[in-house]
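Coordinate analysis (summary)
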Amino acid sequence: MAGFQDIYGQEAMKEHLQNAIRLGKVSHAYIINGERSSGKEFIARIFAKTLQCERGGMDPCGECHSCKQAESGNQPDIIRVTHEKPNSIGVEDIRSQVNNDIVIKPYSSPYKIYIINEGEKMTVQAQNALLKTLEEPPAYGVILILTTNVEALLPTIVSRCVVLNMKPVRDDIVRKFLMEDLQIPDYKANVCVAFARGNIGRAKMLASSEDFDNVKEEAVTLLKYIRDMEISEIVAAIKKISEYKLDVTDYLDILSIWYRDVLLFKATNDANNLIFKEEIKYIRKEADQRSYEGIEIILDALEKAKSRLSANVNFDLTMELLFLTMKEN
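Read on for a plain summary of the structure. What you are looking at is a predicted structure, and each value in this text was computed from that prediction instead of being measured.

Criteria and thresholds
Residues numbered from 1 in each chain as written. Predicted model: local features only at pLDDT ≥ 70, side-chain atom pairs only at ≥ 80, totals over all residues. Heavy atoms only, no water. Helix = DSSP H or I, 4+ residues; strand = E, 2+ residues; numbered from the N terminus. Buried < 20%, exposed > 50% of the residue type's maximum accessible area, 1.4 Å probe, protein only. Contact = heavy atoms within 4.5 Å. Areas by Shrake-Rupley, 256 points an atom, 1.4 Å probe, with all protein chains shown as cover. Patch = residues over 30% accessible without salt bridge, like charges linked within 9 Å, V, L, I, M, F, W, Y side chains within 5 Å. Salt bridge = Lys/Arg side-chain N within 4 Å of Asp/Glu carboxyl O. Expected span 1.5 Å × (residues − 1). 1 Å grid on protein atoms, 1.4 Å probe; cavity = no way out; pocket = protein on both sides within 12 Å on 5 of 7 lines; lining within 4 Å. Points joined across faces, edges and corners; volume = space filled by probe spheres on them. Nonpolar A, V, L, I, M, F, W, Y, C, P; charged D, E, K, R; others polar. Pairing = 2+ DSSP bridges. Axes fitted to C-alpha atoms, helices over the stretch in contact; angles between N-to-C directions.

1. Observations regarding the overall build of the protein chain
Scanning the protein chain for helices and strands turns up 15 helices and 5 strands. Along the three orthogonal principal directions, the C-alpha set of the protein chain runs to about 70 × 40 × 30 Å. Scored against the burial criterion, the 329 residues of the protein chain give a buried share of 47%. In the protein chain, 71% of the contacts between residues at least 6 apart in sequence involve partners at least 24 apart. Total accessible area computed for the protein chain in this model is approximately 16600 Å², and 48% of it derives from carbon and sulfur atoms.

2. Structural notes on unusual backbone geometry
Here the phi dihedral of Glu118 falls at roughly 55°; this positive angle occurs in a residue that is not glycine. When you line up the elements, Glu118 lands in the loop between strand S3 (112-116) and helix H5 (124-135). A residue is classified by how much of its surface remains accessible, and Glu118, at 30% relative accessible area, is partly exposed. For Asn269, which is not a glycine, the phi torsion comes out positive at approximately 55°.

3. Quick notes on a nonpolar patch on the surface
A surface patch of nonpolar side chains, about 240 Å² in accessible area, is lined by Val313, Leu317 and Leu321. Tracing the chain through its elements places Val313 in the loop between helix H14 (292-310) and helix H15 (315-328).

4. Looking at helix H12 (residues 248-268)
Between its terminal C-alpha atoms H12 stretches 31 Å, which fits the 30 Å expected from 21 residues at 1.5 Å a residue. Counting buried positions along H12 gives 16 out of 21 residues, so the element sits mostly inside the fold. Taken from the residues just after H12, Asn269 is the one with a positive phi, measuring 55°.

5. A word on empty space enclosed by the protein
A full pass over the atoms with the stated rule returns 1 cavity of 30 Å³ or more. Of the voids in this model, the largest cavity is the one considered here, and its volume is about 60 Å³. Considering the residues around the largest cavity, the lining is formed by Leu223, Lys224, Arg227, Trp258, Tyr282, Lys285 and Glu286. Elements supplying a minimum of two residues to the lining of the largest cavity: helix H10 (210-225) and helix H13 (280-289). Considering every element that reaches the lining of the largest cavity, the biggest residue donor is H13, with 3 residues. The residue makeup of the lining of the largest cavity, split by class, is 3 nonpolar, no polar and 4 charged.

6. Some thoughts on the sheet that holds S3
Read from one edge to the other, the open sheet built from 5 strands follows the order S2-S3-S4-S1-S5, with strand pairing classed as parallel. The open sheet terminates on both sides in strands that have one partner only, identified here as strand S2 (78-80) and strand S5 (162-165). Ignoring strand direction, the axes of neighbouring strands in this sheet form an average angle of 20°. Strands strand S1 (29-33), S2, S3 and strand S4 (141-147) of the sheet are contacted by helix H2 (residues 40-52), whose axis makes an angle of about 170° with S4.

7. Some words on the environment of Cys161
Position of Cys161 relative to the elements: it lies in the loop between helix H6 (155-158) and S5. With relative accessibility at 10%, the residue Cys161 sits in the buried group. Distance in space between the C-alpha atoms of Cys161 and Ile143 is 8.9 Å, their sequence separation being 18 residues. Contact partners of Cys161, with chain neighbours within four places excluded, come to Ala29, Tyr30, Ile31, Leu134 and Ile145.

8. Thoughts on the side chain of Thr133
You can see Thr133 is positioned in helix H5. Excluding its chain neighbours within four sequence positions, the residues that come into contact with Thr133 are Asn99, Ile102 and Ile143.

9. Looking at the layout of surface pockets
Reported here for the largest pocket is a volume of approximately 1200 Å³. In terms of lining, the largest pocket is formed by 36 residues, of which the most central are Glu35, Arg36, Ser37, Ser38 and Asn199. Contributions of two or more residues to the lining of the largest pocket are made by H2, helix H7 (171-181), helix H9 (200-207), H12 and H14. Among the elements that make up the lining of the largest pocket, the one with the highest residue count is H2 (5 residues). Tallied by class, residues from the lining of the largest pocket come to 9 nonpolar, 12 polar and 15 charged. Asp186, Tyr187, Lys188, Asn190, Val191, Phe212, Asp213, Lys216, Leu274, Ile275, Lys277 and Glu278 together form the lining of the second largest pocket. Taken together, the elements giving at least two residues each to the lining of the second largest pocket come down to helix H8 (186-196) and H10.

Below is the structure:
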């Protein structure tokens, strides 16, 4: 069974949570803030299991009745708040699953723990309903709000919670995890590490994804021949990515890593530190033909494209602007 020792790279958060357990000073509400796949739910589950463990240690024992129930998702005093609407957690979700339930004492444990994943999806009305519980929580109540955007929560909610921010995990720790725990070969681990940017859950997902390998190959093929392609052909190639399970922003991240390689090679003329070192022939050609300023403009355009897509700007228009910039520079 996973314990605190299995949390990589979040030393400050681990120390805070374990100290709270050791000193008996567990807060009634926590916000765990971090990007998608960064491990928020993994940490919340370990914290909840440890709090409910019948042996009362600094880690879940994995052997008591409570730990076995928690591992199978059947611990009655660890409640995962669900929502039917995919993009919002409504006021009735909070009232029925938290407010009306928390007044009932724990079934068999010292605490009643509520895990609200995707907390940024709570409507204002839902947050105001939750606020009533946060203002006067029962002694046994612990609410864990997991969010990718703490700013989406009302200041009154945030002020009543302990806010714990996920930190990017060092590349060497992510690489070691992939190579030693998951037996990923070094050349693939290097690509996943660069792509994950300190997000160990994302690195793990990419390392085990056949779709990622396919998308990477298609992205590299496009980059090799982009100068000879029409904009309409490029946009059609990007739309093909929807056949895979990866997000289009993941595709744009692959393009960014390629151009960072081009920039690095242009500056150092050394292929040893490149992520796409097996494509050195094409990277050298790009580095020779593009200026430093041109590469920086492309990298900036890739970030702008991701921002536009997240703001629901028209896909075709966003892609056309991006690839015009890439061809011009």
